[in-house]
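So the chains spell out like this:
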Amino acid sequence: MRVFPGSPGTLTSLFFRIAQCVFAVGSIASMATTSRFFKITAFCCLIASMGLQVVWSFVLALLDGIALVKKEVLHNPVLISLFVVGDWVTATLSLAAASASAGVAVLYFNDTGDCKFGEECQKYQLSVALAFLAWIVVSISSLIMLWLLAAG
């Protein structure tokens, strides 16, 4: 397999995985610091989805870091297949949770007039924005993994 930016075990892949972790942790932190998020199902789903994203991205970042230290590129077809499936699952869950949460945040902030929760609405919006950024990065990673698998 040809090595190109974003392949597992490269610095670009490590950067993508760390960015996914950072955005997902930021989304969780922003949502968890509100007092009412647990009453809204979409926000709970966002926290769960971002939690899965943190675990998945952190494990793959560790694999990338180990591969960089050993100066190896991870091009095992079974491993690439696992990365493709994991990235697509987490990307789909992240998009679904972020979209649902965005709908609820828009409903609270725009459609009902002024948000009665004050600063919490801004935290909801920040959490959703960070979730979408995490989704963008994981979708880029998933497309790279799919390309690698197809180029096989």
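Everything that follows concerns the structure shown earlier in this document.
Small disclaimer: the values here were computed from a predicted structure and weren't measured.

About the cut-offs
- Residues numbered from 1 in each chain as written.
- Predicted model: local features only at pLDDT ≥ 70, side-chain atom pairs only at ≥ 80, totals over all residues.
- Heavy atoms only, no water.
- Helix = DSSP H or I, 4+ residues; strand = E, 2+ residues; numbered from the N terminus.
- Buried < 20%, exposed > 50% of the residue type's maximum accessible area, 1.4 Å probe, protein only.
- Contact = heavy atoms within 4.5 Å.
- Areas by Shrake-Rupley, 256 points an atom, 1.4 Å probe, with all protein chains shown as cover.
- Lys, Arg positive; Asp, Glu negative; His and termini not counted.
- Charge placed at Lys NZ, Arg CZ, Asp CG, Glu CD.
- Patch = residues over 30% accessible without salt bridge, like charges linked within 9 Å, V, L, I, M, F, W, Y side chains within 5 Å.
- Salt bridge = Lys/Arg side-chain N within 4 Å of Asp/Glu carboxyl O.
- Axes fitted to C-alpha atoms, helices over the stretch in contact; angles between N-to-C directions.
- Parallel < 35°, antiparallel > 145°, perpendicular 65-115°, else oblique.
- Left-handed = near helix turned anticlockwise from the far one by under 90°.
- Nonpolar A, V, L, I, M, F, W, Y, C, P; charged D, E, K, R; others polar.

Draft legend 1. Region of interest: the overall build of the protein. Each helix and strand counted, the protein has 4 helices and 0 strands in total. Burial analysis of the protein (152 residues in total) assigns 44% to the buried set. Look at the contacts in the protein between residues 6 or more apart in sequence, and 81% of them connect residues 24 or more apart. For the protein, the accessible area works out to roughly 7,800 Å², and carbon and sulfur atoms hold 74% of it. Positive and negative side-chain charges of the protein, numbering 8 and 7 respectively, have mean locations separated by a distance of 5 Å.

Draft legend 2. Looking closely at a nonpolar patch on the surface. Where nonpolar side chains cluster on the molecular surface, the patch consists of Leu 52, Val 85, Val 89 and Leu 93 and spans about 320 Å² of accessible area. Counting residues per element, the nonpolar patch draws most heavily on helix H3 (residues 77-111), which supplies 3 residues. Mapped onto the elements, Leu 93 comes out in helix H3. Classification of Leu 93 by relative accessible area gives partly exposed; the value is 39%.

Draft legend 3. Local environment of unusual backbone geometry. Despite not being glycine, Lys 71 has its phi angle at roughly 60°, a positive value. Relative to the helices and strands, Lys 71 is located in the loop between helix H2 (41-70) and H3.

Draft legend 4. Up close: the pattern of salt bridges. Inspection of every chain in the model, using the stated rule, returns 1 salt bridge. Asp 87 is paired through a salt bridge with Arg 17; the nearest N and O atoms lie 2.8 Å apart. Highlighted residues: Asp 87 in helix H3 and Arg 17 in helix H1 (residues 11-32), separated in sequence by 70 residues. For Asp 87, a relative accessible area of 0% corresponds to the buried category. Looking at Arg 17, the relative accessible area reads 1%, which means it is buried.

Draft legend 5. Inspection of the packing of H2 against helix H4 (residues 119-151) at higher detail. Running from N to C, H2 and H4 point in directions that differ by 40°, and their axes come no closer than 11 Å. On the basis of their axis angle, the class for H2 and H4 is oblique. Where H2 crosses over H4, the two elements pack in a sense that is left-handed. Here H2 contributes Phe 43, Leu 46, Met 50 and Gln 53 to the contact with H4, which in turn contributes Tyr 124, Ser 127, Ala 131, Ala 134 and Val 138. Classifying every residue of the contact of H2 with H4 gives 7 nonpolar, 2 polar and no charged.

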